[in-house]
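Each chain is listed here by its residues.
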Amino acid sequence: MKTLAVDFLLKESPNAIAIVDTKLNFINYSNEWHDRFSLGNTDYVNKNLFESIIETPDFFKKAISNGINGEEHINTGQKFILPDGTLQWLKWKIIPSKVENQGFDGAIIFLDDITEEQKEIELLHKAEEVARIGCWELDLLNNTVYWTKTTKEIHEVDQDFVPNLEEGINFYKEGVHRDKISYLVSNAIAEGKSFDTELIIITAKGREVWVCAKGEVEILNGKAVRLIGTFQDIDERKKIELAHQEISERLKMTSQTAQIGTWNYNLTENNLDWDDEMYRIFDIEKFNFSGAFEAWSSTIHTDDLKRVLTATENAINGIKDFDEEYRIIHKNGTIRHIKGLSKTINDINGTAVKMTGANWDITELRSTEIKLAESTKSFTETFEHSSIGMALVSPDLNWLKANKSLCKSLGYSENELLKISSNDITHPDDLPGSRYFKKKVIEGDTINLQFQKRYFHKNGNIVHAIIGATPVKDINGNISHIIIQFLDITERIESQKKLEALVDVTKSQNESLTNFAHIVSHNLRSHSTNMVMLTKFLNKEKDDEERQNIHRMITSATESLSETIAHLNDVVQIKTGTLENLQSISVINTINHITKSINGLLEDKEAQLKIDICKTHFVNAVPAYLESIFLNILTNALKYSSEKRTPIIKITSHIEEQLMVISFTDNGQGIDLKRHGDKIFGMYKTFHKHKDAKGIGLFITKNQIESMSGSINIESKVDKGTKIIIKLKQG
Amino acid sequence: MKKIEICCIIDDDPIFVYGTKRIIKEVNFANSIIVYNNGKDALDGLMKLCIANEPLPDVIFLDLNMPILNGWEFLDEFKNCKSPLSKKIVIYIISSSVDPRDLERVKNYEQVDTYILKPITPDDLGKILGATVES
């Protein structure tokens, strides 16, 4: 069988072919074999295959061994790794050679190194997997569909899944997506138009995935025979894209709502690009805007221009990003305040190429700030110089700030006040009221509440004040402090008290004068009418005895009249000019003087005097009045002594609230004060059946005491005794 | 003209009592006259008459300013013990006081008929007699 021609063909074959005998010794091989799979350049005929061949996998060796024993073996591609780590792909075909009736005498081996091709395919697959790009093919002649591994993975179907056209289309989401792919595919088939679209599919597992499907058409004789294309998972990118789109929309809306204008300035081309808000803020018509830097800078207020241009310069040079407030002038001449921010964008070499920024109108904010500053200033000035006291206190009533006027009213310096609480110097009786007031203020139902209370001045005096309170709330609605207005009304209260006292005195004097006038009129009238009546009788009476009787009565009436006039004179004298004649008099001396003068009366009544008066006790009084008072009280005590017991009269003195208190206590008849209390000191009031009772003594006594700014009081029980208490100023 | 049976004078001024008694006799005003010197005496005396079942006065001439129990106090007490005194007694206040407060105060006492300013005159008695007899 060995012929030259056959040998030649074998040698020149473009494939690597070797023929071996049963001992695996080379019978012949092609040049290709020698070039690609032999270890050296020598002739290997009759030499063993495995002595001269490159490294091959065990699998191949085994296939050859089987081949010489008559087993044909085909391997379309076997991957293995060489001991040095390099990857190798071999493909072979082993055909046993048979000698008729003699069995097998060897084998023909076809061997091919397909490493390069395999690597490329593998890379392609890898790329397909990594990029999530699959391929598909629609054979229109056979009406079959082929999907690559990745395409199947994207659809989340098993690798053994065999799709058809309809199933493939149905993976697209119902509605616009499915409609679109149907249209594109049928258009490609009918018109030969390729497509490139992004649509949503619903995978076999039910997930929504964005894919990019591309299709190309192969035309044969003017008719589409095949569609091939790619199928890419773009879910992540698409979602990011959609999210970005949404954010951009939102940003646009936000800046419109917030009235923030944005701009881009291309430095290399001096081209300024504004959004619509910018035109509105700068009051410039879009078609009038030149788009140059000067178009912007020309609107800036001349006073601010230099500063703004410097800041722009600095921003371009990367010294400092633009962050300025400046004024611009609108077409109609109004000045607006603008806040501007920008970022400078550099190219790869660090050269500024672009600026982007934002502007907004802060005129309202500015004017509010100015108003606030003015109001703060005016409040501070009012606070400091106000003639009424003002303070800020914390919700727990500690002073935070106090003005001069308040400090003056309370006698503390501001620093001293800040160390104490308002309660520390509040009159204890006004603390409950203060607490209630604070509660009302903090509840805040009514604004500008007022409350009158008393404080203690540093020197201990009482300070009367009307407090006005206004709570100030922080941004969370909690009370941060309270503004206190403090109207010092001490002087007003004092003068009011004086006025009230004066009114009381005037009223009582007026009353006493009215009474006095009526008493005078009554008494004078009763005597005079008696005299008129008696005179009439006298004129008519003829009987001598009766005439004498009438004469006697006329005389008596005349005496009574003159006595009454004398009493009135006494009273009138007390009312006039007492206070000028006051002097310091010893109480004990006056008592001793009086008791001596009524010694006879005391002895007559067998009365006992118990005198307990300190020698140092002096009163401020008119001497004659004091004597008259003591005399009157003592004689009354004796006149109305009880017949059942020996009269005992106690006279004591003590000091009470800076006044001298002198008491006369007797054990006499006493007087029913419930019945007579209101008229005990009245004129011509008598309460006992005593022949000398005239009802003038205590009336005069009371008037004398009161004219010396003193007071007289009485305590009494019928048949037990009477206590007369006199209070006079100390001498 | 019909006389009044018993007339009572309550006054501490002896001259006034003398004069009034004299005029009563002159105009023949009453058959008999009872005199008390203050409100307390008058109350005690009238109670005594009542208990002894003796005739009570028809008319009382009452002074206001008196010691111990004055005219007002008498009126207050008299009001309280009116029930045992079943007879209707007309009271006339006879006073020197021109104090409007007194004139006003009289209106609070319904048993007081008239306020007569001192001195009492025969004309006054004539009017009282006329009024009393008519009633």
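Let us look at the overall build of chain A. Across its full length, chain A carries 23 helices and 27 strands. In chain A, buried positions account for 23% of the 731 residues. Considering only intrachain contacts with a sequence separation of at least 6, the fraction spanning at least 24 residues in chain A is 49%.

What follows covers the overall build of chain B. Helices and strands together make up the secondary structure of chain B, namely 5 helices and 5 strands. The linear arrangement of helices and strands in chain B, starting from the amino end, is β-α-β-α-β-α-β-α-β-α. Here chain B holds 135 residues, and the buried ones make up 35% of them. Long-range contacts, defined here as pairs at least 24 residues apart, represent 74% of the contacts in chain B between residues at least 6 apart.

With that out of the way, let us pick up the sheet that holds strand E4 (residues 87-99) of chain A. All names here are of chain A. Strands sit in the order E2-E1-E5-E4-E3 across an open sheet of 5 strands; the sheet is antiparallel. Two strands in the sheet have a free side with no partner beyond their single neighbour: strand E2 (26-29) and strand E3 (73-81). Ignoring which end each strand starts from, the neighbouring axes of this sheet average 25 degrees apart. Relative to E2, strand E1 (residues 16-21) is paired through 3 bridges, and the arrangement is antiparallel.

All names here are of chain A. In this sheet, strand E14 (residues 335-346) lies alongside strand E13 (residues 323-329) in antiparallel orientation, the contact comprising 7 bridges. Counterpart to Arg 327 in the pairing with E14 is His 337. Linking two consecutive strands that pair antiparallel, namely E13 and E14, is a turn of 5 residues; a positive phi of about 90 degrees is found at Gly 333 within it. Between E14 and strand E15 (residues 352-361), which pair antiparallel one after the other, the connecting turn spans 5 residues, and Gly 350 there sits at a positive phi close to 90 degrees.

Glancing now at helix H12 (residues 302-316) of chain A. For H12 of chain A, with 15 residues, the first-to-last C-alpha span of 21 Å sits near the 21 Å given by 1.5 Å per residue. At the exit of H12 of chain A stands Gly 318 of chain A, carrying a positive phi of roughly 75 degrees.

Looking now at the sheet that holds E13 of chain A. All names here are of chain A. Spatial strand order, E12-E11-E15-E14-E13: 5 strands in an open sheet with antiparallel pairing. The open sheet has two edge strands with one neighbour each: strand E12 (271-274) and E13. When strand polarity is set aside, the average angle formed by the axes of neighbouring strands in this sheet is 30 degrees. Where E14 lies against E15, 9 bridges are found, and the strand directions are antiparallel. Across the sheet, the residue bridging to Asn 346 is Ala 352, located in E15. Its contacts with the sheet place H12 against E13, E14 and E15, and it is angled at close to 140 degrees to E13.

Bringing helix H3 (residues 71-80) of chain B into the picture now. Residue and element names in this part refer to chain B. Restricting attention to buried positions, one finds in H3 the residues Gly 71, Phe 74, Leu 75 and Phe 78. Taken down its axis, H3 places every buried residue within 100 degrees of arc, on the same side. Residues of H3 that are exposed and point over 90 degrees away from its buried face: Asp 76 and Asn 80. Where the residues of H3 are buried, they touch strand E1 (4-10), helix H2 (39-51), strand E3 (59-62) and strand E4 (90-95).

All names here are of chain A. Within the element layout of this structure, Leu 418 appears in helix H15 (residues 414-418). For Leu 418, a count of 14 C-beta atoms within 10 Å translates into the label partly exposed. The spatial distance from the C-alpha of Leu 418 to the C-alpha of Asn 398 is 7.0 Å, given a sequence separation of 20 residues.

Moving on, we get to the pairing of strand E6 (residues 133-139) of chain A. All names here are of chain A. Here E6 shows a buried face lined by Gly 134, Trp 136 and Leu 138 and an unburied face lined by Ile 133, Cys 135, Glu 137 and Asp 139. Pairing of E6 with strand E10 (residues 223-233) involves 7 bridges; the strand directions are antiparallel. Looking across to E10, one finds that Trp 136 is bridged to Gly 229. The pairing of E6 with strand E7 (residues 144-147) spans 4 bridges and is classified as antiparallel. Counted as the bridge partner of Asp 139 is Thr 144 from E7. Linking E6 to E7, which pair antiparallel, is a turn of 4 residues; within it Asn 143 sits at a positive phi near 55 degrees.

What follows is about the packing of H2 of chain B against H3 of chain B. Residues and elements named next belong to chain B. Running from amino to carboxyl end, H2 crosses H3 at an angle of 25 degrees, the nearest separation of the two axes being 9 Å. Here H3 runs roughly parallel to H2, going by the angle between their axes. Judged by the sense of rotation from one axis to the other, the crossing of H2 with H3 is right-handed. Along the contact surface, H2 presents Gly 39, Ala 42 and Leu 43, while H3 presents Gly 71, Glu 73, Phe 74, Glu 77 and Phe 78. Looking at the contact of H2 with H3 residue by residue, the classes come out as 4 nonpolar, 2 polar and 2 charged.

All names here are of chain A. With respect to the helices and strands, the residue Thr 363 is situated in helix H13 (residues 363-385). C-beta crowding within 10 Å serves as the criterion here: with 15 such atoms nearby, Thr 363 is assigned to the partly exposed category. Here Thr 363 is in contact with Arg 336 and His 337, once residues within four sequence places are set aside.

With that settled, the discussion passes to unusual backbone geometry. Here the amide bond leading from Lys 118 of chain B into Pro 119 of chain B is cis, since omega sits at -5 degrees, within 30 degrees of zero. As for its placement among the helices and strands, Pro 119 of chain B is situated in the loop between strand E5 (112-117) and helix H5 (122-134). Even without being glycine, Glu 657 of chain A reaches a positive phi, approximately 50 degrees. Residue Glu 657 of chain A is classed as exposed on the basis of its C-beta count, with 6 C-beta atoms lying within 10 Å.

Grouped together as the largest cluster of nonpolar side chains are 28 residues, with contacts concentrated most on Cys 7, Ile 10, Val 59, Ile 60, Phe 61, Leu 62 and Phe 74 of chain B. Of all the secondary-structure elements, those providing two or more residues to this core are E1, helix H1 (14-27), strand E2 (30-36), H2, E3, H3, E4 and H5 of chain B. The element that contributes the greatest number of residues to this core is E1 of chain B, accounting for 5 residues. Ala 607, Tyr 625, Met 708 and Ile 712 of chain A belong to the second-largest nonpolar core, a separate cluster that totals 25 residues.

This brings us to the packing of helix H21 (residues 623-639) of chain A against helix H23 (residues 697-707) of chain A. All names here are of chain A. The contact between H21 and H23 brings their axes to 10 Å, and the two run at 145 degrees. Considering the relative orientation of H21 and H23, their crossing is left-handed. Taken together, the residues of H23 that come into contact with H21 (itself represented by Tyr 625, Ser 628, Ile 629, Asn 632, Ile 633 and Asn 636) are Gly 697, Thr 701, Gln 704 and Ile 705. Among the residues making up the contact of H21 with H23, the classes are represented as 4 nonpolar, 6 polar and no charged.

So, on to the confidence of the model for chain B. Detailed conclusions should not be drawn from predicted coordinates in areas where pLDDT is low. Within chain B, residue pLDDT values average 84, and 92% of them lie at 70 or more. In the model output, the complex is listed with pTM 0.42 alongside ipTM 0.80.

Positionally, Phe 110 of chain A belongs in strand E5 (residues 103-113). Apart from the residues lying within four places of it in its own chain, the contact partners of Phe 110 of chain A are Asn 15, Ile 17, Trp 92 and Lys 93 of chain A.

Cut-off values and rules
- Residues numbered from 1 in each chain as written.
- Chains lettered and ligands numbered in written order.
- Predicted model: local features only at pLDDT ≥ 70, side-chain atom pairs only at ≥ 80, totals over all residues.
- Helix = DSSP H or I, 4+ residues; strand = E, 2+ residues; numbered from the N terminus.
- Buried ≥ 20, exposed ≤ 12 C-beta atoms within 10 Å, placed from the backbone.
- Contact = placed C-beta atoms within 7 Å.
- Pairing = 2+ DSSP bridges.
- Axes fitted to C-alpha atoms, helices over the stretch in contact; angles between N-to-C directions.
- Expected span 1.5 Å × (residues − 1).
- Arc of directions from axis to C-beta.
- Parallel < 35°, antiparallel > 145°, perpendicular 65-115°, else oblique.
- Left-handed = near helix turned anticlockwise from the far one by under 90°.
- Nonpolar A, V, L, I, M, F, W, Y, C, P; charged D, E, K, R; others polar.
- Core = buried A, V, L, I, M, F, W, Y, C linked by C-beta atoms within 7 Å.
- pLDDT = per-residue confidence, 0-100.

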